[in-house]
Amino acid sequence: MQPIRSILIKQLLTGFPPLLFLLLSALMLYFPSLLQAQQGSFTIEGTVTDAGTGTTLPAANIVIEGSYSGTITNPDGYYELTLADLPTTITVRYIGYHSESRVITEESDRKQNFSLEPATVEMDEIVVTDRDPALSIMERVIERKKIWRADLKNYRVEAYSRQVMENDTAIVSITESISEAFWDKDHGHREVIKSQDQTANLESSVNFTGVRYMPNFYDDDIEISGFEMVGPTHPDALDYYYFRLADRLQIDDQLVYKIEMEPKRKRQPTFHGTLYVLDREYALLEVQLTPNRVVRFPPPVRDFDLRYEQQFSNYGGDFWLPVDMRINGLIRIEMIGLRFPPIKFTQLSRLSDYQVNTELPDTLFEDRQILRRDTTTIADHSLLEQSPNRVPLTLEEQVAYDTIDSTATLEKAFQPSGFIARRLIDDDENSGRSGNRLEAISGIIPDGLGVGARFNRMDGYHLGLRYSKNIGRLSGRIESGYSTHSEKWDAGGRLELQWLNRTRLRSAVHARYQLKTDNRFDSRYSIGMNSISTLSGAEDYFDYFRNETIHTGLQFTQPNYSLRGGVQYRLEEHSNFRIEPYQYSLFGWHKERRLNPDIEEGKLRSLAFHLGWNEQSDDFGITGHRSVRLDLEASRPGLGSDFDFTRARIQAHWNKETFYQRRLFPNTLDLFLSAGYSSGVLPIQRRFAVDGSIAGFTPFGVLKTRRNLPYEGDRYWLIYAEHNFRTIPFEALGLESLADRGWSLILFGGAARSRFVTADAGQVAGAPDHLDGVPGRNGLDLLPMTTGGIHTEAGASLNSIFGILRLDAALRLDTSGFYIGFSVPRYF
């Protein structure tokens, strides 16, 4: 059944005269009990005001004496409180005012307004000293907290939360929930949502309202949007903050100190604002705090403003616990050509009915799941509407609840402006008009069909098709393509069977056939990346040969330890290209294409093994991570191979937070190590490669001053490091505009060595970095591409320019050389 208040509002908005609307609005604001049915329990309601001015007092604390229960007034100073037992004494408190207590009986009026008298304090003469009295006060607050916090083991509490989102004109959504929250000293927070509701333009699945991430400003460390903030009662708070006694107030007959708090460390995530401390108890009564400028986000977030207000009470006991949480926020998202309306949001949470140091359900902490929903009650909105902990809606919020319908989407409420926004809207309209045609085409093209393309100096343009199909645990793929310059066809197929799929171990067997153009460098650069740079006129980075392969093997994954590995038997037939390079680029900007060196033709039969820990796809340094991979390959005449060698390579990524670890994005040190070793005689097509830059592109872990071609050898090592100082240098220099744009400074350096140690090492064409080779086995007089010693370099980067670019400048240290290029930015 709809509440009477909701029905009245709908009637008013659809036809009642404006005068009657104003009259009934006043009734709902000041006499809501006339419009809301009361069922069973004794509920009182009213407003809390200043006795002198009549001003309403928002967030006034109403406590049921002798219990951990109560409520707070809403922003209009209005409250509702359900009393389970009578008679009951309730007390209304507000800092700077005398508290007022009343005994509520069955004969009491349900309307209970409170007018609180301001409390005046006779100030003693202030003695000026070098040490502000607030320092001694806060030292006592911190020491008292250590005592009672040591005895606080856990609690459970009933919670009510409401989040309101607005644009620059009106409320656009409201979400509410009632829940039971749990805290354990060793296991942290858990929350069970009992009931929830939201405006009609939201699905329940996007209602995330709750208190599981609500900060407790009595904690040492307080997480705000990923930043680890130093709390005002942290044991080292006096090292992080300036405290200044601003005023003395009174509540009842007790003195309350008003203390202003400002950060000492400007580049650490801290707060500034006001604390209210109760004398003699030396406990926080209330905080009003705002994060400092360190709490910011890179573009396109332009503003991220938050304000927190929280009250505490000991409810007559030993422990000072959160009473509420009030958050006001504003986010502005803006970039060139795209601007969103300001996103305003508020959260009001009320905590009541604490049970302290009690037995908590063991099932809550069996896993790391913080949030649970009680499926037996979650859809029952009446639980929320009748909850004694619910803080009344304001009139504006009630109107929004009853007038926002499903068509008032958040997309409409926050529709962006600017030329990019207009283009996106036009594209959506065009895609809508062409949607039927696309659906018709997609109905013709089979699922699993894909297209592939590449370009290089030996194949020219290559276009291919592939088709993939999964049937149960069996997956397969076939592919074929044609190259215009070499006039060669590629063809292939793959079958894979998932024969083991368990929680602790997954495994599959596979078989693959391919006839293809292969490249002889085991590089971090992809074929697609090289195709784009070569087609645009840059040097073709790779060398090529034809390869007909049959690979069979087994691969496994161990999720618990992030392990992935496999074994493989390889049968390959290698052959040379017999054509000249294709002298072509899209705009004709290329220099004469270099010759493609001959490989050592023959049959290669080998066994290969790889094992990796925490392997991740190569994102060229966008994110830091820790991983290790080992690759082994052995080829022997006893396997029917024309080659005799053993080859091993190891690669490792390592990432560590260094300075300013309390920030969302701390300073980080990233390392990349790679090394290869071989015995026997490596054929030219199995040599190791040490990557250099490709067309001015230099991702993390490549030698930036080595241009356009890799080094190679039958043994090598590489170490590369970079330290991301984030925005700290610009903040230290006072260049806040660059810091606000997310620009950061990176220092980097690397060293590598590649060489040939086998007497039969062939030579390949390239830049003459080291001229100690012998004629190649293919009869051509070619030069090696080794480092000729240890290649060393160092440099600096401007990172995250416009949020999408990184500019690198590197100086070669072992010989002359300089490089300026670009790469993808490092975000994490």
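Procedures and definitions
Residues numbered from 1 in each chain as written. Predicted model: local features only at pLDDT ≥ 70, side-chain atom pairs only at ≥ 80, totals over all residues. Heavy atoms only, no water. Pairing = 2+ DSSP bridges. Helix = DSSP H or I, 4+ residues; strand = E, 2+ residues; numbered from the N terminus. Patch = residues over 30% accessible without salt bridge, like charges linked within 9 Å, V, L, I, M, F, W, Y side chains within 5 Å. Areas by Shrake-Rupley, 256 points an atom, 1.4 Å probe, with all protein chains shown as cover. Salt bridge = Lys/Arg side-chain N within 4 Å of Asp/Glu carboxyl O. Buried < 20%, exposed > 50% of the residue type's maximum accessible area, 1.4 Å probe, protein only. pLDDT = per-residue confidence, 0-100. Contact = heavy atoms within 4.5 Å.

Caption draft 1: Local environment of the pairing of strand S12 (residues 227-230). The pairing of strand S11 (residues 221-224) with S12 spans 4 bridges and is classified as antiparallel. If you follow Glu-223 over to S12, its bridge partner there is Glu-228. As consecutive antiparallel partners, S11 and S12 are separated by 2 residues, and within that stretch Ser-225 has a phi angle of approximately 55°, a positive value.

Caption draft 2: Representation of a nonpolar patch on the surface. Residues Ile-471, Leu-474, Leu-495, Leu-497, Trp-499, Val-509, Leu-554 and Val-567 make up a contiguous nonpolar surface patch of about 670 Å² in total accessible area. In terms of residue count, strand S26 (residues 489-501) provides more of the nonpolar patch than any other element does, 3 residues in total. The exposure class assigned to Val-509 is partly exposed, which follows from its relative accessible area of 32%.

Caption draft 3: Representation of the confidence of the model for the chain within the structure. With 88% of its residues at a pLDDT of at least 70, the chain reaches an overall mean of 87. Here residues 1-40 is modelled with pLDDT under 50, and outside its nearest four sequence neighbours on either side it reaches 43 contacts, counting other chains as well. Note that pLDDT drops below 50 for residues 759-783; the model gives that stretch 50 contacts with residues more than four away or on any other chain.

Caption draft 4: The pattern of salt bridges, seen in detail. A full pass over the atoms with the stated rule returns 56 salt bridges. Note that Arg-293 is salt-bridged to Glu-736, the shortest N-O span being 3.9 Å. With Arg-293 in the loop between strand S16 (283-291) and strand S17 (301-313) and Glu-736 in helix H11 (residues 736-740), this pair connects stretches of sequence that are 443 residues apart. Judged by its relative accessible area of 25%, Glu-736 falls in the partly exposed class. A salt bridge links Arg-307 to Glu-309; the shortest N-O distance between them is 3.6 Å. What makes Arg-307 partly exposed here is its relative accessible area of 34%. Each member of the salt-bridge network shares a partner with another, and the members are Arg-457, Arg-520, Glu-539, Asp-540, Asp-543, Arg-594, Arg-687 and Glu-712.

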